[in-house]
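Summary of structural features
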Amino acid sequence: MKKVYLSGTAIAVILILGAYFYYSKPQPSEITVAPMTDIVATSEEATKAQSVTNDDYEHIVSLAGSRVSVANLDTFKLGQNEISFKLFGLDGHEFGDEDLRTVKDKKMHLLIVREDMQGFAHIHPDYSAGKWHVQTDFTLPGTYNLYLDFDALEEKPTVLRVPLTIGSADYSKQFPEPNSDMKIAVQGYDLTLTVIKPIKTKEATKLSFALSKDGQTLTTIKPYLGTFGHVAAFRQTDVNDYF
């Protein structure tokens, strides 16, 4: 997982390649990436991974309110926790596994982000015994937001936000500084983000990523959850601005 902060904006772009990772602080010594050697995507996999439309990314975040009921929300603590919850449709009936479409190989994607972006997780709840369940590890105290990203059969793709405090909400926030050249180097991997025109609100923008190791461009990346890479972008000043 790699993060690039766009200069001139307060947006963090997180790129996930090949595996799920969780980190507590965005320092090179603590961020791991999957080995990229000897992995090749076939033309069939490439076609499948790239067959998405702009509609797949039209996400509007809403405060979950009564649509998500998290068990023991006020008792979460540092360390390992089980997040168990019920999900409800707009008409109030419960959503189980059969009520959601499979998107990128999963029924639901749950993103957990600390408000200063120093903690991040992308995990996938499973449905059993009438609830959605997933385990996660909180290594830092603070205020987090849980983003439940799903596509119900009877609704448009939806992202619901659940705020959560781990430990004390009074802590030293470490908001990231913009990266002027949109490059990052982590454990021998170099990532460069390129945009063909200035990023503006309410305009489509193509994001291009170049990944290399030891000076050699990597072109044979194995698909993960239906695509070669996953990008999540968050705006520092608005917890409801996410895609």
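Residues numbered from 1 in each chain as written. Predicted model: local features only at pLDDT ≥ 70, side-chain atom pairs only at ≥ 80, totals over all residues. Heavy atoms only, no water.

This part takes up the pairing of strand β9 (residues 131–138). Along β9, the buried face is formed by W132, V134, T136 and F138; none of K131, H133, Q135 and D137, which line the opposite face, is buried. Bridge count between strand β8 (residues 126–128) and β9: 3 bridges; the pairing is antiparallel. Looking at the pairing, S128 lines up with K131 of β9. Count of turn residues in the β8/β9 antiparallel hairpin: 2 residues, of which A129 carries a positive phi of about 50°. (Buried < 20%, exposed > 50% of the residue type's maximum accessible area, 1.4 Å probe, protein only. Helix = DSSP H or I, 4+ residues; strand = E, 2+ residues; numbered from the N terminus. Pairing = 2+ DSSP bridges.)

Moving on, we come to the confidence of the model for the protein. Predicted coordinates in areas of low pLDDT are best not read in detail. Averaged over every residue, the pLDDT of the protein is 74; residues scoring 70 or more account for 75%. Across residues 1–12, confidence stays below pLDDT 50; counting only partners more than four residues off in sequence or on other chains, it has 63 contacts. In the predicted structure, residues 14–57 sits below a pLDDT of 50 and forms 101 contacts with residues beyond four places in sequence or in another chain. (pLDDT = per-residue confidence, 0-100. Contact = heavy atoms within 4.5 Å.)

Turning next to the sheet that holds strand β12 (residues 183–186). Hydrogen bonds along the backbone pair up the strands of a sheet, which may run parallel or antiparallel. Strand order in this open sheet of 4 strands is β12-β13-β14-β15, and the pairing throughout is antiparallel. In this open sheet, the two strands that pair with only one neighbour each are β12 and β15 (216–217). Sheet topology places strand β14 (residues 207–213) next to β15; 2 bridges connect them, and they run antiparallel. Residue S212 lies in a different strand from β15, and its bridge partner there is T217.

Before going further, it helps to examine the nonpolar core. The tendency in soluble globular proteins is for nonpolar side chains to be buried side by side. Formed by 27 residues in total, the largest nonpolar core has its most connected members in V68, L87, I112, L148 and F150. Elements with a contribution of two residues or more to this core: β4 (68–70), β5 (79–87), β6 (108–114), β7 (120–123), β9, β10 (142–150) and β11 (158–166). Discounting residues that sit within four places of it in the chain, F150 has contacts with R67, L87, F95, L100, K107, M108, P157, T158 and L160. L111, V113, A232 and Y242 belong to the second-largest nonpolar core, a separate cluster that totals 10 residues. (Core = buried A, V, L, I, M, F, W, Y, C linked by side-chain atoms within 4.5 Å.)

It is worth spelling out the pairing of β10 at this point. Each regular strand carries side chains that alternate between the two faces of the sheet. With 9 of 9 residues buried, β10 lies mostly within the body of the structure. With 9 bridges connecting them, β10 and β11 associate as antiparallel partners. Considered in β11, the bridge of D149 is made with V159.

Attention now goes to the pattern of salt bridges. Enumeration over the complete set of coordinates arrives at 5 salt bridges. As a salt-bridge pair, R101 and D151 come within 3.0 Å of each other at their nearest N and O atoms. Taken together, the residues span a long stretch of sequence, with R101 in the loop between β5 and β6 and D151 in the loop between β10 and β11 at a distance of 50 residues. D151 gets classed as buried once you look at its relative accessible area, which sits at 14%. (Salt bridge = Lys/Arg side-chain N within 4 Å of Asp/Glu carboxyl O.)

Strand order in this open sheet of 5 strands is β3-β11-β10-β6-β7, and the pairing throughout is mixed. If you trace the sheet from one side to the other, it starts and ends with β3 (61–63) and β7, each paired once. With direction set aside, neighbouring strand axes in the sheet form an average angle of 25°. (Axes fitted to C-alpha atoms, helices over the stretch in contact; angles between N-to-C directions.)

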